[in-house]
Amino acid sequence: MSTKAYYPINEIGKGKVGFSKTRSIIEAAFYGNNVVKVNTLKQAYELAKNSPGTIVTDMPVYRGEEFGLDKDAKVLLFNDGAVTGRYAAARRIKGEPGVDSVKLDKVAMDAVYETRWKKMYHAEVFVGLDPEFMVKAHLLIPEGEENIMYNWMLNFQYMSDEYVKMYKESKAVGDGKEPDIYIFSDPQWIPRERPDVDYSCLSDPLTLCYFDTDENCACILGMRYFGEHKKGTLTMAWAIANRNGYASCHGGQKEYLLEDGRKYVASVYGLSGSGKSTLTHAKHNGKYEIKVLHDDAFIINTDTCASIALEPTYFDKTADYPTGCPDNQYLLSAQNCSATLDEDGKVQLVTEDIRNGNGRALKSKLWSPNRVDRIDAPVNAIFWIMKDPTIPPVVKVKGAALASVMGATLATKTSTAERVKAGTDLNALRIVPYANPFRTYPLVNDYEKFKKLVEEKDVDCYIINTGDFMGKKVQPKDTLGILEAIVEGKAEFHKWGNFTDIELMDWEGFTPDLNDADYKAALKGAMENRVDAVEKFAVAKDGYDKLPDEALEAVKKVVEELK
């Protein structure tokens, strides 16, 4: 699939696809006489390398020429300042109740005007790595922010000859009704009093991430963190996928080839820090032949159950990869880390989150030697990764409504990848539907997509807890052992208490005791929190995220069975 960039004269105009007010404000800026087109990754690298504040390390980019770089390219480090994580509070989604698009459009209009005094760079990438789903995205960003642009081009698919040819041969998305993605960004933006500009429409006084996902455009203001640009782009790609019959996934997927020739495709869903990357890339001591699709962003065709990766590279935390770690051979660039000189006077990265939390790096696809961009084998199971201390290391969920609503009420803890308001309890559980805080469409769309996979496509559903269970830490070896047992068909699940739709697999050292009044009360409270969440979906934002009654009934049934 491909998106639309060029329009016959009779398709241009008011009320036609690709010509909303917000998009008209944003797209026009790309054609200004202060705009310089950046056509290649080599060009972007040179601009980033020479951008003030860039640290050019002495770490070579491994096989960089395979990614459109010169053979002598080095890993570039750039640090953003005090903000080192995503800030969901700054997001405003056009079309959601309570979002004043009239005021926001004027904020965007004025921000675009102010960039006339700056040199602006225009870059392009593909999102989606298979002819079945490829969309083109454009980024406009000012001089001085070359590292964001370079990382954006690294993170997604730069326009190599191979992918340009693939894109030209791909089918139009939505029968040609999906326009290219356009993102206007000014990290240097500071709100100032202007005629006819009312900043009361912002949810945060100094930053804005404004999406018109129906028309595939966004305006990002005052945000330096690269992750905002990565996830902002994915936000719109996921929305396009959702409109065209795909389940949009913030998670990882891998295919196991077993000794008897069977294939098993597992999809894991969790926020940053939940363990989804660890599970996705685990090699299981070579027990299986494994193919990795991606560890962060992919989509599932809900008719064929085939899956497609949206990005070629990995945007991973550096906390677990010390200086000198063999995995660092695959780094392309780094953000929010420190640097020092080694014994030979060479500039080396200092990782392990010494400088700040959520140090990050982009790794090439070579990091995963068994990487693929598409998995044709249908997905066998979805795993909701939670950090809920009342849930055992693994349970199996039966019934399509319960399976999907448990994903819609996925409970987890805040990670260092996220910037939160002062006073937020980082240890408190919070509900993040489908581990995807980047949704810009009604929640019921995801609910129906995942329900269809379970109900019509016989996909199994599990919940795995990678946090602690009633005070005892679930170790990675536990989770990997559980996953292996399920993949090999050796996992034995049995009835758990009075539950009719939740089954338990016994795992050494983790035995939930429903005769323990304290445990039972804690589990009941956790499930009641899910009931509360679904009930709040029905009324918050004027019911924008209301789920079908069957979803509420399914989780209420679990609470009743605990009485």
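A brief look at the structure comes next. Just so it is clear, the model here is predicted, and its values are computed rather than measured.

## Observations concerning the overall build of the protein chain
And then number 1: Secondary structure assignment for the protein chain yields twelve helices and 29 strands.
And then number 2: Whereas a compact globule of 563 residues would reach a radius of gyration of roughly 24 Å, the protein chain reaches 23 Å, a difference of no more than 12%.
And then number 3: On the principal axes, the C-alpha backbone points of the protein chain span a range of 70 × 60 × 50 Å.
And then number 4: Per-residue burial for the protein chain yields a buried fraction of 58% across its 563 residues.
And then number 5: Taking all contacts inside the protein chain whose residues are at least 6 apart in sequence as the whole, residues at least 24 apart take part in 76%.
And then number 6: Of the roughly 22700 Å² of accessible surface on the protein chain, 50% is carried by carbon and sulfur atoms.
And then number 7: When the 72 basic and 84 acidic side-chain charges of the protein chain are each reduced to a single mean position, those positions are 2 Å apart.

## Regarding the nonpolar core
And then number 1: In this structure, Trp 384, Val 405, Phe 450 and Leu 547 are the most contacted members of the largest nonpolar core, which totals 65 residues.
And then number 2: Contacts of Trp 384, omitting those with residues within four sequence positions, involve Tyr 269, Ala 403, Met 406, Gly 407, Leu 410, Tyr 434, Phe 450, Cys 461, Tyr 462, Ile 463 and Ile 464.
And then number 3: Within the second largest apolar cluster, 63 residues are counted, among which are Val 38, Tyr 150, Cys 209 and Met 223.

## What to know about the sheet that holds strand 19 (residues 360-363)
And then number 1: Pairing is mixed across the open sheet formed by five strands, whose spatial order is 2-3-16-19-15. At either end of the open sheet lies a strand with only one pairing partner, and these are strand 2 (55-60) and strand 15 (314-317). Going across the sheet, the axis of each strand differs from the next one's by a mean of 25°, ignoring polarity.
And then number 2: Pairing analysis gives three bridges linking strand 3 (residues 74-78) to strand 16 (residues 331-335), with the strands arranged parallel. In the strand pairing of strand 16, Leu 77 is matched with Ala 334.
And then number 3: Along the sheet, helix 4 (residues 146-155) contacts strand 3, strand 15, strand 16 and strand 19; its crossing angle with strand 16, the most-contacted strand, is approximately 140°.

## A word on the pattern of salt bridges
And then number 1: The tally for this structure, following the rule as stated, stands at 41 salt bridges.
And then number 2: Across the pair Asp 373 and Lys 365 runs a salt bridge, and its minimum N-O distance is 3.4 Å.
And then number 3: For Asp 373, a relative accessible area of 15% gives the class buried.
And then number 4: With a closest N to O distance of 3.0 Å, Lys 563 and Glu 560 form a salt bridge.
And then number 5: Note on Glu 560: relative accessible area 48%, which makes it partly exposed.
And then number 6: Linked by salt bridges that have partners in common, Lys 230, Lys 231, Lys 276, Asp 296 and Glu 311 make up one network.

## Considerations on the environment of Leu 410
And then number 1: Among the structural elements, Leu 410 can be located in the loop between helix 8 (400-408) and strand 23 (411-412).
And then number 2: For Leu 410, a relative accessible area of 0% translates into the label buried.
And then number 3: Not counting the four nearest positions on each side in its chain, Leu 410 is found in contact with Tyr 269, Trp 384, Ile 385, Met 386, Arg 430, Ile 431, Val 432, Tyr 434 and Ala 435.

## Quick notes on the pairing of strand 16
And then number 1: Across the five residues of strand 16, five count as buried, placing the element largely inside the fold.
And then number 2: Alignment of strand 16 against strand 19, held across four bridges, turns out to be antiparallel. By the bridge assignment, Ser 333 is partnered in strand 19 with Leu 362.

## Here's the deal with the packing of aromatic side chains
And then number 1: A full pass over the atoms with the stated rule returns 25 aromatic pairs.
And then number 2: Geometrically, the ring pair formed by Phe 30 and Tyr 182 is edge-to-face, given 4.8 Å between the ring centres and 85° between the ring planes. Of this pair, Phe 30 sits in the loop between helix 1 (21-28) and strand 1 (35-37) while Tyr 182 sits in strand 7 (residues 181-186); the two residues are 152 residues apart in sequence, bridging distant segments of the chain. Here Phe 30 and Tyr 182 have matching classes, each one buried.
And then number 3: Taking 6.5 Å as the distance between ring centres and 50° as the angle between the ring planes, the aromatic pair formed by Tyr 225 and Phe 315 counts as tilted. Linking Tyr 225 in the loop between strand 9 (217-221) and helix 6 (226-243) with Phe 315 in strand 15, this pair joins segments that are 90 residues apart in sequence. Across the pair, exposure class does not vary: Tyr 225 and Phe 315 are buried alike.
And then number 4: Three or more aromatic residues joined by ring pairs form one cluster here, namely Tyr 269, Phe 298, Trp 384, Tyr 434 and Phe 450.

## As for the packing of helix 1 against helix 3 (residues 101-114)
And then number 1: Helix 3 packs onto helix 1 with a crossing angle of 10° between their chain directions and a minimal axis gap of 10 Å. By the angle class used here, helix 1 and helix 3 are roughly parallel. Between helix 1 and helix 3, the residues in contact are Lys 21, Thr 22 and Ile 25 and Asp 105, Ala 108, Met 109 and Val 112, respectively.
And then number 2: Taken together, the residues of the contact of helix 1 with helix 3 sort by class into four nonpolar, one polar and two charged.

Rules used throughout
- Residues numbered from 1 in each chain as written.
- Predicted model: local features only at pLDDT ≥ 70, side-chain atom pairs only at ≥ 80, totals over all residues.
- Heavy atoms only, no water.
- Helix = DSSP H or I, 4+ residues; strand = E, 2+ residues; numbered from the N terminus.
- Rg over C-alpha atoms; globule rule 2.2 N^0.38 Å.
- Buried < 20%, exposed > 50% of the residue type's maximum accessible area, 1.4 Å probe, protein only.
- Contact = heavy atoms within 4.5 Å.
- Areas by Shrake-Rupley, 256 points an atom, 1.4 Å probe, with all protein chains shown as cover.
- Lys, Arg positive; Asp, Glu negative; His and termini not counted.
- Charge placed at Lys NZ, Arg CZ, Asp CG, Glu CD.
- Core = buried A, V, L, I, M, F, W, Y, C linked by side-chain atoms within 4.5 Å.
- Pairing = 2+ DSSP bridges.
- Axes fitted to C-alpha atoms, helices over the stretch in contact; angles between N-to-C directions.
- Salt bridge = Lys/Arg side-chain N within 4 Å of Asp/Glu carboxyl O.
- Phe/Tyr/Trp six-rings, centres within 6.5 Å; stacked < 30°, edge-to-face > 60°.
- Parallel < 35°, antiparallel > 145°, perpendicular 65-115°, else oblique.
- Nonpolar A, V, L, I, M, F, W, Y, C, P; charged D, E, K, R; others polar.

Remember that the coordinates give geometry; whether it matters functionally is a separate question.
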